[in-house]
Amino acid sequence: MMKSSTRLTILRLLLFFFFFLACHCFSTTAAAAMTQKEELENKLKELFEQAQKLPPRSPEQLEILQNVLRVHPQNIDARLILAAHMITMGPKEKNEAGRLIKEILVNAPQVLTMQPYGPAALYLTVLIGRDLSERKEFHDARFFLEKSFEASKTVPWGYSSEGNLCIHLMLASLWDYWPTSMDDADQSLKELNKWMISVLDRTDFDLHEAEMSQSMVNFQSNPFGTCLQGIFPLSLYYRADTAAVASRYYEMAAKVWPDLLWTSPHLLEQDYQDTLALPPSCRKTKLAVLSAVFTHGHPVTEDFQGVLQRLDRDKFDVTYIFLEEQVGSRRMLDPFVRANPQDKLKIYSQRPDELALGRGDWIKRIGMEIAELHFDVILHLDLSMSSFNRRLGMMQLAPVQINTHGHPVTSGHPNHTVQYFISWAEAELPYDEAQQHYTEKLKLIPKGKIHQYYKPRRLPGDVSRVNGQSFGHLTRDDFNLPSNRNIYLNMQKPFKLHPEFDPLVCGILKDDPDGMLVLHRADTVFAYATDESHHMIFVRRLEKAGCDMDRVQFLPSQPHHRLMALIGLSTVVLDSYPAGGCTTTREVFEMGKAVVTLPARLLGSRWTLGLYSILGMRELPVIASTEQEYIDLAVQLGTNATLRETVENTIIEKVQTMFYRDEAVEEWERILLDVSPVQCSGANVVNDEL
């Protein structure tokens, strides 16, 4: 359903054009004889008058506008009006809107700055670019946004000779989720850094939120999210200087919305500072746990709930703070946030009046309410995933604020605001090397201790704990997989599989003639031609890497019970590279299967290594140190049944030691108490470099 604000904006745009066309473009001539051009103009005027009498966006009106283009294919007015209709509709119509405007920009780029087209043409170009970026169509999004940004430097709607700041931010946060090659990925990262630096070099950081709210669809309710996209993909770009990129993102947000750099007044009061300096007392540490994904089945919930439920309530006064970014998502809250009767649950969302403010810093209201609760420690579970959480993390709401591996990448916030990142020594590089990837100070769960309290996801009788359905009866036939092939499986979301992964899997097929590769199918979201779908980008990459595509099968997302069955029916499971699996690896172990992994330098690629290490299985032939070794180890396991059985038996023997380990709770308690401003005598001191 299109929002009323969207309908009004589009209606204003259409009325502007109808008025212009009726009063300016097609005025009749007083001459007795009409030229061919005048006949065409009158015909177009007649069609536009017919369209004006019909309900906006109705099929009949769209058909008339399409007839205009049949009469005059290059008619700019019809293209703009038709595109204004279509940009608010479904994917097919949005693609057509993009095609209509792209042809104008290619053939007549001056239209963005010439009267009377400029404002409407520029407006539509930005809308299409933003829509394409949301749909992860990087190259087309960049085309539209770059065109509109350059034009915005010379038109009133740009508000600045340095170009429209919102468009500038869009370009500085535009990630390529589907690079066609490593050169492509490296170039897009280089361009991203260039745009970030150019934003920070500006002298004008006025976003003109009030004016933009009146002219740009969806801006009013969410200026921050409209202009500045998130940094989730940073965890996939393993060649990036993650701390530097994340820091630039923070700096851009701070320049544009300086009110987000708010410090709670109580933290500055001398009485409060004096309280912290008093001799140790042993009251409970007031701990707030913030997340936008306390929802049932979410990987962040699955990862952290075991420890959070078991923290000693004699030491911690726990409050869960759920940031409801998606309307109605509170209905999907996992029961664990209400499991302890002494815990508190606070839910914050954007109020209706704030939707109309047109301010990216509206969330300061939530920050102020949280600060009034006077927490000692705030733990952000998904600071670099959630837009709400990221903005709240820019504020100083408690004396100690912590980021952690709900999303395994640094926040980029200065360490006087977010002081610590809690990670796991088994999955990190040596401390000094690992610290370079974070703006926060690393606090590590030590080696030899597991980092979370896990429960099995495979229940007795081959039942999924996630959806309660059984899977022991499923066979390869249920997935249309041959029984006589060695199945090499990777069902990670395909955007995690950057081009580095391609030669690995293609090398496996080359070395195992009986091998078959099973991968997750990418969502098919088209740009302007069917061969530009995400899936086809992936297919072409594999073809270029030399894969025998007759032995590659793509499967859609599977319900959890079917995914567990598919893992059990595979021959070898392949860890994704460079961004690896965590929850998936644990599920593979539960099914008694082996995962071949190639750890890279960032945390997100090293979970499988950590799990093998903590379970005492690091000596198994499953951990590669080079790309060729990854291929060799996978093929050895796939083709040598005796070796595979030995490895799988070891995993079956060891896997139960992964569950119900209270040491994880003890280590989290130790770190949280160590950083807490409430310091009791005899508190543990944490050695970060373990």
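Since the structure is predicted, the reported quantities are computational estimates derived from the model, not experimental observations.

Novice: Can you explain helix 6 (residues 118-134)? Please cite residues and give values.
Specialist: A rise of 1.5 Å per residue sets the reference length of helix 6, with its 17 residues, at 24 Å; its end C-alpha atoms lie 24 Å apart and thus fit the reference within 8%. Lys-136 occupies a position one or two residues after helix 6 and carries a positive phi of about 65°.

Novice: Which residues make up the nonpolar core, and what are the values?
Specialist: Core analysis: the biggest nonpolar cluster contains 214 residues, and Leu-169, Ile-370, Phe-589 and Tyr-612 have the highest contact counts within it. Leaving out residues up to four positions away in the same chain, Leu-169 has contacts with Val-199, Leu-207, Cys-227, Leu-228, Met-252, Val-256 and Trp-257.

Novice: Report on the layout of surface pockets, specifying residues and quantitative values.
Specialist: Roughly 1,200 Å³ of internal volume is contained in the second largest pocket. Pro-299, Gln-492, Lys-496, Thr-583 and Thr-584 are the residues nearest the centre of the second largest pocket, which is lined by 47 residues in total. Listed by contribution, the elements that provide at least two residues to the lining of the second largest pocket are helix 15 (299-310), strand 10 (486-490), helix 22 (560-569), strand 13 (572-574) and helix 23 (583-590). Here the lining of the second largest pocket is built from residues that sort into 22 nonpolar, 18 polar and 7 charged.

Novice: Residues and numbers for the packing of aromatic side chains, please.
Specialist: One pass over the full model with this rule turns up 17 aromatic pairs. Measuring from centroid to centroid gives 5.6 Å for Phe-294 and Tyr-320, while their planes differ by 85°, and the two rings are edge-to-face. Pair noted here: Phe-294 is in the loop between strand 1 (285-291) and helix 15 and Tyr-320 is in strand 2 (residues 316-323), with a separation of 26 residues, a long-range link. Look at Phe-294 and you get buried, because its relative accessible area is 1%. Residue classification places Tyr-320 among the buried positions, given a relative accessible area of 0%. An angle of 45° between the planes, with centres 4.6 Å apart, marks the rings of Phe-421 and Tyr-438 as tilted. Of this pair, Phe-421 sits in strand 6 (residues 420-424) while Tyr-438 sits in the loop between helix 19 (431-435) and strand 7 (441-445), and the two are 17 residues apart along the sequence. Among the residues examined, Phe-421 registers a relative accessible area of 0% and is labelled buried. What makes Tyr-438 buried here is its relative accessible area of 6%. Among the aromatic side chains, those forming a connected cluster through ring pairs are Tyr-177, Phe-232 and Phe-495.

Novice: I'd like a description of the sheet that holds strand 3 (residues 344-348), backed by residues and values.
Specialist: A sheet is described by the order of its strands in space; here 7 strands give the open sequence 3-2-1-4-5-6-7, paired in parallel fashion. Each of the sheet's edge strands pairs with one partner strand only, and the pair in question is strand 3 and strand 7. The average angle at which neighbouring strand axes cross in this sheet is 25°, direction not considered. In this sheet, strand 3 lies alongside strand 2 in parallel orientation, the contact comprising 5 bridges. Across the sheet, the residue bridging to Thr-319 is Lys-344, located in strand 3. Against the sheet, helix 17 (residues 364-371) touches strand 1, strand 2, strand 3 and strand 4 (377-380), its axis set at about 160° to strand 3. Sheet strands touched by helix 27 (residues 662-675): strand 1, strand 2, strand 4, strand 5 (400-404), strand 6 and strand 7. Its angle to strand 7, the strand with the most contacts, is close to 150°.

Novice: Explain the pattern of salt bridges to me, using residue names and the numbers behind them.
Specialist: For the coordinates displayed, the defined rule picks out 32 salt bridges. One salt bridge in this structure joins Arg-457 and Glu-587, with 2.7 Å as the shortest N-O distance. Here Glu-587 lies in helix 23 and Arg-457 lies in the loop between strand 7 and strand 8 (458-459), a separation of 130 residues in the sequence. When its relative accessible area of 7% is taken as the criterion, Arg-457 is described as buried. The partner of Glu-648 in a salt bridge is Lys-593, with the nearest N and O atoms 3.0 Å apart. Here Glu-648 is found in helix 26 (residues 641-654), whereas its partner Lys-593 is found in the loop between helix 23 and strand 14 (595-596), with 55 residues between them in sequence. Lys-593 shares its class with Glu-648; the two are buried.

Novice: Kindly report on the side chain of Arg-202, identifying the contributing residues and their values.
Specialist: Inspection of the secondary structure assignment puts Arg-202 in the loop between helix 9 (182-200) and helix 10 (209-215). With no salt bridge to any partner, buried Arg-202 finds its closest opposite charge in Glu-162, at an N-O distance of 4.1 Å. A distance of 3.3 Å separates the side chain of Arg-202 from the backbone oxygen of Glu-162, its partner in a polar contact. Dropping the residues within four chain positions of it, Arg-202 is found in contact with Phe-149, Ser-160, Glu-162, Gly-163, Asn-164, Leu-165 and His-168.

Novice: So what's going on with the pairing of strand 5? Which residues, and what values?
Specialist: Consecutive side chains along a regular strand alternate between the two faces of the sheet. Most of strand 5 is tucked away: 5 of the 5 residues are buried. Where burial is concerned, the two faces of strand 5 agree: the one with Val-400, Ile-402 and Thr-404 and the one with Gln-401 and Asn-403 are both buried. As judged from the 4 bridges shared by strand 4 and strand 5, these two strands associate in the parallel manner. Each residue of the ladder has a partner; that of His-380, found in strand 5, is Asn-403. In terms of handedness, the path from strand 4 via helix 18 (residues 387-392) over to strand 5 forms a crossover that is right-handed. As paired elements, strand 5 and strand 6 share 3 bridges and run parallel to each other.

Novice: Lay out the pairing of strand 11 (residues 515-520) in plain terms, naming residues and giving numbers.
Specialist: Of all 6 residues in strand 11, 6 are buried; the element is thus mostly enclosed. Burial along strand 11 is two-sided: the face carrying Gly-515, Leu-517 and Leu-519 and the face carrying Met-516, Val-518 and His-520 are both buried. With 5 bridges joining them, strand 10 and strand 11 adopt parallel strand pairing. Across the sheet, residue Asn-486 finds its bridge partner in strand 11, namely Gly-515. Taking the sense of rotation as the criterion, the β-α-β connection linking strand 10, helix 20 (residues 502-511) and strand 11 turns out right-handed. Taken together, the 4 bridges between strand 11 and strand 12 (residues 552-555) define a ladder with parallel strand orientation. Note that in strand 12 the partner of Leu-519 across the bridge is Phe-554.

Novice: Before we move on, could you go through the state of the cysteines and cite the residues and values that matter?
Specialist: Under the defined criterion, the tally for this structure stands at 2 disulfides. Two residues share a disulfide in this structure: Cys-166 and Cys-227, whose sulfurs sit 2.1 Å from each other. Between Cys-166 and Cys-227, the S-S torsion sits near -100°, and that sign places the bridge as left-handed. With Cys-166 in helix 8 (residues 165-172) and Cys-227 in helix 11 (residues 223-227), this residue pair connects regions lying 61 residues apart in the sequence. Considered together, Cys-166 and Cys-227 belong to a single accessibility category, that of buried residues. With its sulfur 2.0 Å from that of its partner, Cys-506 forms a disulfide with Cys-547. Sign of the S-S torsion, about -105° for the bond between Cys-506 and Cys-547, identifies this disulfide as left-handed. Linking Cys-506 in helix 20 with Cys-547 in the loop between helix 21 (534-544) and strand 12, this pair joins segments that are 41 residues apart in sequence.

Rules used in this analysis
Residues numbered from 1 in each chain as written. Predicted model: local features only at pLDDT ≥ 70, side-chain atom pairs only at ≥ 80, totals over all residues. Heavy atoms only, no water. Helix = DSSP H or I, 4+ residues; strand = E, 2+ residues; numbered from the N terminus. Expected span 1.5 Å × (residues − 1). Core = buried A, V, L, I, M, F, W, Y, C linked by side-chain atoms within 4.5 Å. Buried < 20%, exposed > 50% of the residue type's maximum accessible area, 1.4 Å probe, protein only. Contact = heavy atoms within 4.5 Å. 1 Å grid on protein atoms, 1.4 Å probe; cavity = no way out; pocket = protein on both sides within 12 Å on 5 of 7 lines; lining within 4 Å. Points joined across faces, edges and corners; volume = space filled by probe spheres on them. Nonpolar A, V, L, I, M, F, W, Y, C, P; charged D, E, K, R; others polar. Phe/Tyr/Trp six-rings, centres within 6.5 Å; stacked < 30°, edge-to-face > 60°. Pairing = 2+ DSSP bridges. Axes fitted to C-alpha atoms, helices over the stretch in contact; angles between N-to-C directions. Salt bridge = Lys/Arg side-chain N within 4 Å of Asp/Glu carboxyl O. Lys, Arg positive; Asp, Glu negative; His and termini not counted. Polar contact = N/O pair within 3.5 Å; in protein donor to acceptor, adjacent residues only side chain to side chain. Right-handed = clockwise from strand over helix to strand, strands pointing away. Disulfide = S-S within 2.5 Å.

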